Amino acid sequence: MRVLEANHINKYFHDPAPFQALKDVSFSVQKGEFVSITGKSGSGKSTLLYLLSTMDTDFDGSIRINGEEVHGRSNKWLADFRNRHIGFVFQSHFLLPEFTALQNVMLPGLKRAQYSRQEVESKAYGLLKLLGVDDQAVKRASLLSGGQQQRVAIARALINDPLIVMGDEPTGNLDSKNTAIVFDLFRQLATEHGQTMLIVTHDDEFAEKSDHVIHLTDGALVS
Ligand SMILES: Nc1ncnc2c1ncn2[C@@H]1O[C@H](COP(=O)(O)OP(=O)(O)OP(=O)(O)O)[C@@H](O)[C@H]1O
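Computed from a predicted structure; not experimentally measured.

The rules behind each value
Residues numbered from 1 in each chain as written. Predicted model: local features only at pLDDT ≥ 70, side-chain atom pairs only at ≥ 80, totals over all residues. Pairing = 2+ DSSP bridges. Helix = DSSP H or I, 4+ residues; strand = E, 2+ residues; numbered from the N terminus. Contact = placed C-beta atoms within 7 Å. Axes fitted to C-alpha atoms, helices over the stretch in contact; angles between N-to-C directions. Near = placed C-beta within 6 Å. Nonpolar A, V, L, I, M, F, W, Y, C, P; charged D, E, K, R; others polar. Expected span 1.5 Å × (residues − 1). Buried ≥ 20, exposed ≤ 12 C-beta atoms within 10 Å, placed from the backbone. Arc of directions from axis to C-beta. pLDDT = per-residue confidence, 0-100. Core = buried A, V, L, I, M, F, W, Y, C linked by C-beta atoms within 7 Å.

**With respect to the sheet that holds strand β2 (residues 19–30)**
Across the sheet, which stays open at both edges, the 4 strands sit in the order β2-β1-β4-β5 with antiparallel pairing between neighbours. The outermost strands of the open sheet, each flanked by one partner alone, are β2 and β5 (68–69). Sheet topology places strand β4 (residues 60–65) next to β5; 2 bridges connect them, and they run antiparallel. Counted as the bridge partner of arginine 64 is glutamate 69 from β5. Along the sheet, helix α1 (residues 45–52) contacts β1 (2–13), β2 and β4; its crossing angle with β1, the most-contacted strand, is approximately 125 degrees.

Quick look at the structure:
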């Protein structure tokens, strides 16, 4: 099943001078695939992820996620769509420092009305366990190590069972040991849980182990 289809994506910036950041990019991603987006600095990786995550709607072309065209939708529709279908992990994990690890993971789940607080809490705890940081659940986020914070951020991205997890350099701040832990986890989520992963990375080893690599050169797809 195709969960994402990008067709003939062109993206222009106009300030300070007209510039085409993405050039006729087309590809599709199947459910449960682990896909890396690679390319040199400035090749358009973050720009592409921003479009795919529906945060930037100013582009030419078509992006279908879960069979639905996202181009041309209202901000409200997109916000709801993102909350239901997309989980984000960024290099800076943006945890709320005064909240515990468990509370940080629970927050996006509580925004959805369909689960009780108890259900969200039990699910959040289960995710922390899956990520090997359940022993840190009641610690404030600011007191966790970088690697632990990143794993909590991944648990938070998964709380609403997103169709796709998108990450912009999610291992960028981690040492090689924690990078390997996060990589193995992404692999496990894709293989065992059918979770689709779309990850921007500079890490060649990380990219080599993914199912597919989307490699950008000057805004164009090379492979
Ligand atoms: N808001 C903007 N206005 C103008 N140009 C932009 C804007 N955002 C990005 N660009 C340009 O688009 C190109 C692609 O940028 P992008 O951030 O997508 O690259 P990247 O591959 O993610 O780079 P890096 O690996 O360094 O993060 C760059 O030349 C950048 O300067």
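Following the structure, the description resumes.
**A short note on the site of the ligand**
Taken together, the neighbourhood of the ligand is formed by Phe13, Asp15, Phe19, Ala21, Gly39, Ser41, Gly42, Ser43, Gly44, Lys45, Ser46 and Thr47. Looking at the shell around the ligand, the element that brings in the most residues is α1, giving 3 residues. Here the residues of the shell around the ligand sort into 3 nonpolar, 7 polar and 2 charged.

**With respect to helix α6 (residues 176–193)**
Between its first and last C-alpha atoms α6 spans 25 Å; for 18 residues at 1.5 Å apiece the expected length is 26 Å, and the two agree. Thr179, Val182, Phe183, Phe186, Leu189 and Ala190 are the residues of α6 that are buried. The arc enclosing the buried residues of α6, seen along the axis, measures out at 120 degrees, which places them on a common side. Opposite the packed face of α6, turned more than 90 degrees from it, sit the exposed residues Lys177, Asp184, Thr191, Glu192 and His193.

**Considering the sheet that holds strand β7 (residues 164–168)**
Ordered in space as β6-β7-β8-β3-β9-β10, the 6 strands form an open sheet in which the pairing is mixed. Looking at the sheet topology across the chains shown, the edges are occupied by β6 (86–90) and β10 (220–221). Helix α5 (residues 146–158) rests against β6 and β7 of the sheet, and its axis sits at about 165 degrees to β6. Running at roughly 150 degrees to strand β8 (residues 196–200), α6 makes contact with β3 (34–39) and β8 of the sheet.

**Things to note about the confidence of the model for the protein**
The predicted coordinates of low-pLDDT regions are not to be read in fine detail. Of all residues in the protein, 99% attain a pLDDT of 70 or more, and the chain-wide mean is 91. We note a pTM of 0.89 for the whole complex and an ipTM of 0.97 for its interfaces.

**A few points about the nonpolar core**
Of all hydrophobic cores here, the largest spans 57 residues; its most connected members are Val105, Ala124, Leu128, Val152, Ala155, Met197 and Leu198. Per-element accounting of this core gives the leading share, 6 residues, to α5. Setting aside residues up to four positions removed in sequence, alanine 155 forms contacts with Val105, Ala124, Leu127, Leu128 and Leu131.

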